[in-house]
Amino acid sequence: MVQIFIDKQAYEVSEGQNLLQACLSLKLNLPYFCWHPAMGSVGACRQCAVTQYKDEADTRGKMIVACMTPVEEGMRVSLNGPDETHFREQVIAALMTHHPHDCPVCAEGGECHLQDMTVMTGHYARQFKGRKTSFNNQYLGPLIKHEMNRCITCFRCVRFYRDYAGGDDLSAQASKNHLYFGRQSDGVLESEFAGNLVEVCPTGVFTDKPFGDHYSRKWDMQAAPSICQHCSVGCNISLSERYGSVRRATNRFDAHLNGYFLCDRGRYGFDFVNSPARCQQIRLRGKPARWQDEQLQDMLGSSGRWIGVGSSHASLEDNFALQQLVGAENFCPGLDDAQPALMKLHGEILQQYPMASLAEMEQADAVLILGEDINRSAPRMALAVRQALLNKARDKVESLKVPRWQDAAVRQVLPDNPVPLIWFGYGESELQSRALVQCLCDDQEAARQGFLLAGLLSEEAPVPQTGQASQQSSQAAEILKNARNPLLIGGWSAGNPALLAALANIRKALGDKARLAIAAPEMNSVGLSLLIQSGYLTQGAVKEALEQEPVNLLVLDHQSQASQSVLTLLVKKARQTVRLGLLEQEGSQDALLPVAAFSECSGSAINYQGRVQSWQPASKMTGDCMPGWQWLVHLARMQQRPLADVEDLGQLRHKLAQCHGQLGDVWRTDPHQPAVAQQPPRYSGRTAMLANQTVHEPKPYQEPQAPYRQSMEGVDTRKCPTRPMPYSWWPGWNSNQSVHKFQDEYRGPALPGQTRSVAFAHFESSCWFKWRPQWSDREQVGYRILPLKQIFGSDGLSLKAPAIEELHERAQLWMTPQLADKLGMQAGQWVQCDDQPLWMQAGLSEQVPEGCLLAYVPADEALPVTSCERFAVADLQQAEAIEQQHQGRMEGVRERRQTRQSWLLHQDEFIPIRFVEGLN
Amino acid sequence: MWSQLVTIWRVFVHLFDKKDTVQYPEQKPYLAPRYRGRIVLTRDPDGDERCVACNLCAVACPVDCIALQKTEDEDGRWRPAFFRINFSRCIMCGLCEEACPTYAIQLTPDVEMCEYERKNLVYEKEHLTIDGQGKYPGYSFYRKAGIAIKGKAKGEADQEKPPVDVRSLLP
Ligand code: SF4
Ligand code: SF4
Ligand code: SF4
Ligand code: SF4
Ligand code: FES
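Here the structure is a predicted model, which is why all the values come from computation and not from measurement.

1. A closer look at the site of ligand 3
Logical step 1: Taken together, Cys228, His230, Cys231, Val233, Gly234, Cys235, Cys263, Arg265, Gly266, Pro379 and Arg380 of chain A are the residues near ligand 3.
Logical step 2: When its residues are assigned to classes, the shell around ligand 3 shows six nonpolar, three polar and two charged.

Here you go:
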């Protein structure tokens, strides 16, 4: 800690920060633009000017920019003297000379950092009389809207896009008053983190396009703390609602996980909740039915054996309720055959070692990635690893007495001070291209090398009998041995448990200095790891059971075509099937009970680290929808099974915590704390929005004892610091930058309410995993097909969001150019494998292991083979047909978007009011 | 005693003053144009809707009786998809008019708004919109704003230079 004097008052601040950061940490209002807590300082905007004095006697002082000045013991500055105040006002005045008269029609309005800073500096009247510069906008894809006139040239966008996230198709162009931030030409922004520009840009140059289509001001939206549903990282998001529909997802600061940024799948994927394909009605054999119908009651109440199929897309509570209802011996955790083994192993590893949070990953000084493409399977994790790659450069500048947050200096020395990244695996990706040590191999070889690597690091580690450590493995062993903070990353994508076991062995060999992270595919995959500890049924066992006796099936929703096809087979054999459906699917189940989406009810999931995270409802349920667990409780009552006594979510969670002691009081809320209002203090239109339906303003519906209220009646988020914030706002700070008012320092101590329990107690002593020959010696003929993922397409849930459907990639088959030559194929041709109906577009890449092909199959298609021998290439006619089919689909997407848009606008006017008290 | 007599005299003299009370409703008092009565939505000089659905009136309203939803038309203009004022809640304070950046929402001197049914006091956009410009003729927001709409490309707003050629090397 050092003591500094600001406006003659003494403050204690921690060392190593810059003055701007220190002022903001002290909750003093100092305007700024170009500085960003995660991106460091470059001193581009001069907005944060303050006066520094030599000593007490100095009365003139000199002007400095706070973000470029490290705090020093005894430093004296003034923020509010006449000189610097005038200077800051003039900086804004200059920025405003060419700023368009747009606020009323600007989607940033009401949460604009530029508006806030302008008010803060006191600038109010335009002094410039000349004509304004104007710019043409670019088309940047379906996610982001460009309105270049509003730019204040702070350079944050390119610094984020290029430096922080590694994109290269956005750049600063031209000069002076003509400075332009855009692409070379119109086109979709390529980076999977492009959506963050919306929050990074302090003005309305980049705005959220899908949100803009169905727009509402920030002050008008009821928000809820929520969790991203699209991968196992479990980034914290905030969902906003207006007139009964969810409008957008924004980043919710979390010190451990996402920090300030999300990936685009998370930011835009939530939109599936507004999909017209959402199940809204109870159905019996395809026809709308009512709960009271006798036939339905008979079906649901039928005795006999029930088998439950859980889903890693459903909440922990739903899966647990299902498991309780049918019994652990009748619970199948999912329809993917490879997954249960991975689940089991992931759980076992979590019981031995804690896993690194993203914040911890950013501290690494050596990284090993074993057979996983985290750029696609856990995008935000890849972004964290990217930041770790700067650590050596940061150490270097520090040794030269330059602070670590001097971003330009760090980037200057980066090429000569790389953090070693070791990559074993296949496929091209951003991290792969930056690897220092690379070994191109399939998952089996990667696992084998992993085991051998552990053997190189420790004598005790079991190694496979066959195979030799490659040169890369010995290099890797050397690097990891010398690293202070090595990070080991793997995942489930290849479907090979050996990779997980290998990583655990390397972790054990390296000891506690190493950190481990394993990416799971779905947001709640690890939740199922917890539930199946007491036993489970595999998909094969379910099939067998169905063959032997009449069995009723009870299924939670699955979001992939692969599971869907398995399910279709099972349904045929089952006596009857009841589906708890979120989205309409083909296939004939006997009864369908519509479940509420994550935006409409509370729930929890366990992320890759074993961290339990809960979400709150942002809007109300519509139609017949109910939370999955609630349907299951009703079923339990009809069938007189355990669970029948559960009245509310609290009791269910209590039961869950009883079964899994470690969960303890994850969900306990302090009953003496007042409820938090989900609506901001200036939420407008309350006495008019329902007036066309009733002028008697109905009382807002309130869940009893809920820690959040879907109304203004509760304390605002600032006054309840122990609960996750629904939205971030502070007087004078309407933009997302207000978050610094809630935190001590960037990635400092966690925000209140964010220290969540870990579902797996690390009580077991660690053990070595033995190599199993079956992990590598699978029989096969022809070429092995290795699975590949894509950001937009591999997750079936986000694929239901129109913007993401528009961007999703079509099936691809990658091969080496040599192989393509041999097979007589060319890039871009459409290919079929063996007799599978799926057409895949051939791609050429050097990053394909010998004797293998890489197949990316979107979640709404399936390729149920792991190897193939024969290929069929589409002829001209077929290719045309495929293209036409695709065009047709895109046409359909656009059409559906149109109808959805008018449907949503209609709903705004006639808000579904089923759950509002005082009306029925 | 004297002061009481003076008071009585003054009251007596008032009997011969000009009368302020009028025989409403047969006779109507003059209300200034700035009088705060029934609210209307006006049009710009070209006859287009002035309201851009910015929501500022709604947020300024102390009784929260304005609700609207933004939509964007083919021509690039922001418009309210619906615009509702619940006059049974409105207190005619005029804050919405103060807040409106486009002069769209204006209060008029029409104060005769009694209804037997409260729900008849709920006005939608079609009830609120008038054909004229109201008290502030001549102002068109889109002529000042930087966004492009149909009929006004980038650089064609008042006080705007033509769009920059980013490829040019000249400063
Ligand atoms: S960027 Fe901010 S200041 Fe500029 S027009 Fe938009 S809301 Fe107004
Ligand atoms: S586009 Fe936004 S982030 Fe980029 S320089 Fe302009 S104002 Fe800054
Ligand atoms: S990284 Fe995963 S959890 Fe985070 S925003 Fe992206 S999809 Fe969601
Ligand atoms: S303030 Fe004016 S322009 Fe904005 S929504 Fe209200 S009436 Fe429309
Ligand atoms: S924030 Fe300090 S110069 Fe931009």
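After that view of the structure, there is still more to cover.
2. A short note on the interface of chain A and chain B
Logical step 1: Residue-level contacts link 52 residues of chain A with 48 residues of chain B.
Logical step 2: Taken together, the two surfaces of chain A and chain B that pack against each other cover about 4100 Å², and 52% of this comes from carbon and sulfur.
Logical step 3: Linking chain A with chain B are five salt bridges, by the criterion used here.
Logical step 4: Between Arg89 of chain B and Glu697 of chain A there is a salt bridge; the shortest N-O distance is 2.5 Å.
Logical step 5: Summed over the shared surface of chain A and chain B, the result is 28 residue pairs in polar contact (both at pLDDT 80 or more).
Logical step 6: Class assignment for the residues of the side of chain A that touches chain B results in 18 nonpolar, 18 polar and 16 charged.
Logical step 7: As judged from the two bridges shared by strand E6 (residues 132-134) of chain A and strand E6 (residues 160-163) of chain B, these two strands associate in the parallel manner. Each bridged residue has a counterpart across the sheet, and for Ser134 of chain A the counterpart in E6 of chain B is Pro163 of chain B.

3. Observations concerning the domain arrangement of chain A
Often the size quoted for an interface is simply the accessible area lost on bringing the parts together.
Residue and element names in this part refer to chain A.
Logical step 1: The domain boundaries assigned to chain A delineate domain 1 (2-95), domain 2 (103-213), domain 3 (304-333 + 536-596 + 627-663), domain 4 (342-524) and domain 5 (779-874).
Logical step 2: Averaged C-alpha coordinates put domain 3 and domain 5 at centres separated by 32 Å.
Logical step 3: Roughly 560 Å² of surface becomes buried between domain 3 and domain 5 when both sides are summed, with 67% attributable to carbon and sulfur atoms.
Logical step 4: Counting the contacts that link domain 3 with domain 5 gives zero salt bridges.
Logical step 5: Applying the counting criterion to the domain 3 and domain 5 interface returns two residue pairs in polar contact (both at pLDDT 80 or more).
Logical step 6: Of the residues that constitute the side of domain 3 that touches domain 5, the class distribution is three nonpolar, five polar and no charged.

4. Observations regarding the sheet that holds strand E13 (residues 245-251) of chain A
Residues and elements named next belong to chain A.
Logical step 1: The antiparallel open sheet is built from three strands, whose spatial order is E11-E12-E13. Either end of the sheet is taken by a strand with one partner, and the two such strands are strand E11 (222-227) and E13. The average undirected angle you get between the axes of adjacent strands in this sheet is 30°.
Logical step 2: One ladder, built from six bridges, connects E11 with strand E12 (residues 236-242); its direction is antiparallel. Bridge pairing in E12 links Ile227 to Asn236.

5. Some thoughts on the site of ligand 2
Logical step 1: For ligand 2, the set of nearby residues contains 13 residues, the closest of which are Cys151, Cys154, Phe155, Cys157 and Cys201 of chain A.
Logical step 2: Its residues assigned to classes, the shell around ligand 2 shows 10 nonpolar, two polar and one charged.

6. Here's the deal with the sheet that holds strand E17 (residues 331-332) of chain A
All names here are of chain A.
Logical step 1: Pairing in this open sheet of seven strands is mixed, and the strands run E15-E14-E25-E24-E23-E16-E17 from one edge to the other. Since the sheet does not close on itself, it has two edges, and those belong to strand E15 (287-288) and E17, each with one partner.
Logical step 2: As paired elements, strand E24 (residues 576-581) and strand E25 (residues 591-594) share four bridges and run parallel to each other. Each residue of the ladder has a partner; that of Arg579, found in E25, is Leu592.

7. A look at the UniProt feature "binding site: [4Fe-4S] cluster 2" (unreviewed entry) in chain B
Residue and element names in this part refer to chain B.
Logical step 1: Per the UniProt record, the feature "binding site: [4Fe-4S] cluster 2" (unreviewed entry) sits at Cys61, Cys90, Cys93 and Cys96. These annotated residues cover 36 residues of sequence, and their C-alpha atoms all fall within 10.6 Å of one another, placing them together at a single site.
Logical step 2: Summarising the element assignment, Cys93 is placed in the loop between strand E3 (78-86) and helix H3 (95-99).
Logical step 3: By relative accessible area, Cys93 is classed as partly exposed at 27%.
Logical step 4: For Cys93, the contacting residues outside a window of four places in its chain are Arg36 and Pro62.
Logical step 5: Here Cys96 is to be found in helix H3.
Logical step 6: Owing to a relative accessible area of 6%, Cys96 belongs among the buried residues under this scheme.
Logical step 7: With near-sequence residues (within four places) excluded, Cys96 lies in contact with Ile39, Cys57, Ile66, Ile105 and Leu107.

8. Quick word on the packing of aromatic side chains
Logical step 1: Taken as a whole and judged by the stated rule, the model has 24 aromatic pairs over all chains.
Logical step 2: When the ring of Tyr103 of chain B is compared with that of Tyr139 of chain B, the centres are 5.2 Å apart and the planes differ by 80°; the resulting orientation is edge-to-face. With Tyr103 of chain B in the loop between H3 and strand E4 (105-107) and Tyr139 of chain B in the loop between helix H4 (125-128) and helix H5 (141-144), this residue pair connects regions lying 36 residues apart in the sequence.
Logical step 3: By relative accessible area, Tyr103 of chain B is classed as partly exposed at 33%.
Logical step 4: Members of the aromatic cluster, joined through ring pairs, are Phe160, Tyr164, Phe253, Tyr260 and Phe261 of chain A.
Logical step 5: Across from the ring centre of Tyr683 of chain A, 4.9 Å away, lies the NZ or CZ of Arg242 of chain A, which sits over that ring.
Logical step 6: Across from the ring centre of Trp768 of chain A, 5.3 Å away, lies the NZ or CZ of Lys508 of chain A, which sits over that ring.

9. Describing the UniProt feature "binding site: [4Fe-4S] cluster 1" (unreviewed entry) in chain B
Residues and elements named next belong to chain B.
Logical step 1: Per the UniProt record, "binding site: [4Fe-4S] cluster 1" (unreviewed entry) is found at Cys51, Cys54, Cys57 and Cys100. For this annotated set, covering 50 residues, all C-alpha atoms fall within 10.3 Å of each other, a compact arrangement in space.
Logical step 2: Mapping Cys51 onto the fold places it in the loop between strand E1 (39-41) and helix H2 (56-60).
Logical step 3: Here Cys51 falls in the buried class, since its relative accessible area comes to 10%.
Logical step 4: When sequence neighbours within four positions are dropped, the list of residues in contact with Cys51 reads Trp78, Arg79, Pro80, Phe83, Thr102 and Ala104.
Logical step 5: Here Cys100 lies in the loop between H3 and E4.
Logical step 6: Classification of Cys100 as buried rests on a relative accessible area of 13%.

10. Observations regarding empty space enclosed by the protein
Leftover empty space is mapped by rolling, across the atoms, a probe with the size of a water molecule.
Residue and element names in this part refer to chain A.
Logical step 1: Inspection of every chain in the model, using the stated rule, returns 11 cavities of 30 Å³ or more.
Logical step 2: Empty space within the largest cavity amounts to approximately 670 Å³.
Logical step 3: Surrounding the largest cavity, 47 residues form its lining, Glu199, Asn251, Ser735, Asn736 and Gln737 being those nearest its centre.
Logical step 4: Among the secondary structure elements, those contributing two or more residues to the lining of the largest cavity are helix H1 (19-25), helix H5 (197-200), strand E10 (206-208), E12 and E13.
Logical step 5: In the lining of the largest cavity, the residues fall into 21 nonpolar, 16 polar and 10 charged.
Logical step 6: Two domains each put at least three residues into the lining of the largest cavity: domain 1 (2-95) and domain 2 (103-213).
Logical step 7: Estimates place the volume of the second largest cavity at around 260 Å³.
Logical step 8: Residue lining of the second largest cavity: 22 residues in total, with His313, Ala314, Ser315, Asp318 and Ala596 positioned closest to the centre.
Logical step 9: Here the lining of the second largest cavity is composed, by residue class, of 13 nonpolar, seven polar and two charged.

11. A few points about a nonpolar patch on the surface
Logical step 1: Together, Trp9, Phe12, Val13, Leu15 and Phe16 of chain B make up an exposed nonpolar region whose accessible area comes to about 600 Å².
Logical step 2: Looking at the element boundaries, Leu15 of chain B is found in the loop between helix H1 (2-14) and E1.

12. Looking at the state of the cysteines
Logical step 1: Inspection of the entire model under this criterion finds zero disulfides over all chains.
Logical step 2: Take Cys96 of chain B: it sits in no disulfide, and the sulfur closest to it among the cysteines is that of Cys93 of chain B, at 6.2 Å.

13. A word on the nonpolar core
All names here are of chain A.
Logical step 1: In terms of nonpolar packing, the biggest core is built from 147 residues, with Ile349, Met361, Met381, Leu480 and Ile489 touching the most fellow members.
Logical step 2: Broken down by element, the residue count for this core peaks at 10 residues, all from helix H19 (residues 497-510).
Logical step 3: If sequence neighbours within four positions are ignored, Ile489 has contacts with Met361, Val367, Leu368, Ile369, Leu370, Ile374, Met381, Val385, Leu503 and Ala517.
Logical step 4: Counting 44 residues, the second largest nonpolar core, distinct from the first, contains Val200, Phe253, Leu383 and Leu807.

14. A look at the UniProt feature "domain: 4Fe-4S Mo/W bis-MGD-type" (unreviewed entry) in chain A
Logical step 1: Those places that UniProt annotates as "domain: 4Fe-4S Mo/W bis-MGD-type" (unreviewed entry) correspond, in this numbering, to residues 221-277 of chain A.
Logical step 2: Taken end to end, residues 221-277 of chain A comprises 11% helix and 35% strand; its first and last C-alpha atoms sit 24 Å apart.

15. Remarks on helix H13 (residues 379-388) of chain A
Logical step 1: With 10 of 10 residues buried, H13 of chain A lies mostly within the body of the structure.
Logical step 2: Among the residues making up H13 of chain A, those that are buried are Pro379, Arg380, Met381, Ala382, Leu383, Ala384, Val385, Arg386, Gln387 and Ala388 of chain A.

16. Examining the pairing of E12 of chain A
Residue and element names in this part refer to chain A.
Logical step 1: Counted residue by residue, E12 has seven buried out of seven residues, so it is predominantly covered.
Logical step 2: Burial along E12 is two-sided: the face carrying Asn236, Ser238, Ser240 and Arg242 and the face carrying Ile237, Leu239 and Glu241 are both buried.
Logical step 3: The turn joining E12 and E13, which pair antiparallel and follow one another in sequence, is formed by two residues; a positive phi near 50° is taken by Tyr243.

Parameters and conventions
Residues numbered from 1 in each chain as written. Chains lettered and ligands numbered in written order. Predicted model: local features only at pLDDT ≥ 70, side-chain atom pairs only at ≥ 80, totals over all residues. Heavy atoms only, no water. Near = heavy atom within 4 Å. Nonpolar A, V, L, I, M, F, W, Y, C, P; charged D, E, K, R; others polar. Contact = heavy atoms within 4.5 Å. Buried area = accessible area lost by both parts, 1.4 Å probe. Salt bridge = Lys/Arg side-chain N within 4 Å of Asp/Glu carboxyl O. Polar contact = N/O pair within 3.5 Å; in protein donor to acceptor, adjacent residues only side chain to side chain. Pairing = 2+ DSSP bridges. Helix = DSSP H or I, 4+ residues; strand = E, 2+ residues; numbered from the N terminus. Domains from an automatic or database assignment. Axes fitted to C-alpha atoms, helices over the stretch in contact; angles between N-to-C directions. UniProt positions renumbered as here; feature names shortened; annotations may be inferred. Buried < 20%, exposed > 50% of the residue type's maximum accessible area, 1.4 Å probe, protein only. Phe/Tyr/Trp six-rings, centres within 6.5 Å; stacked < 30°, edge-to-face > 60°. Lys NZ or Arg CZ within 6 Å of the ring centre and 35° of its normal. 1 Å grid on protein atoms, 1.4 Å probe; cavity = no way out; pocket = protein on both sides within 12 Å on 5 of 7 lines; lining within 4 Å. Points joined across faces, edges and corners; volume = space filled by probe spheres on them. Patch = residues over 30% accessible without salt bridge, like charges linked within 9 Å, V, L, I, M, F, W, Y side chains within 5 Å. Areas by Shrake-Rupley, 256 points an atom, 1.4 Å probe, with all protein chains shown as cover. Disulfide = S-S within 2.5 Å. Core = buried A, V, L, I, M, F, W, Y, C linked by side-chain atoms within 4.5 Å.

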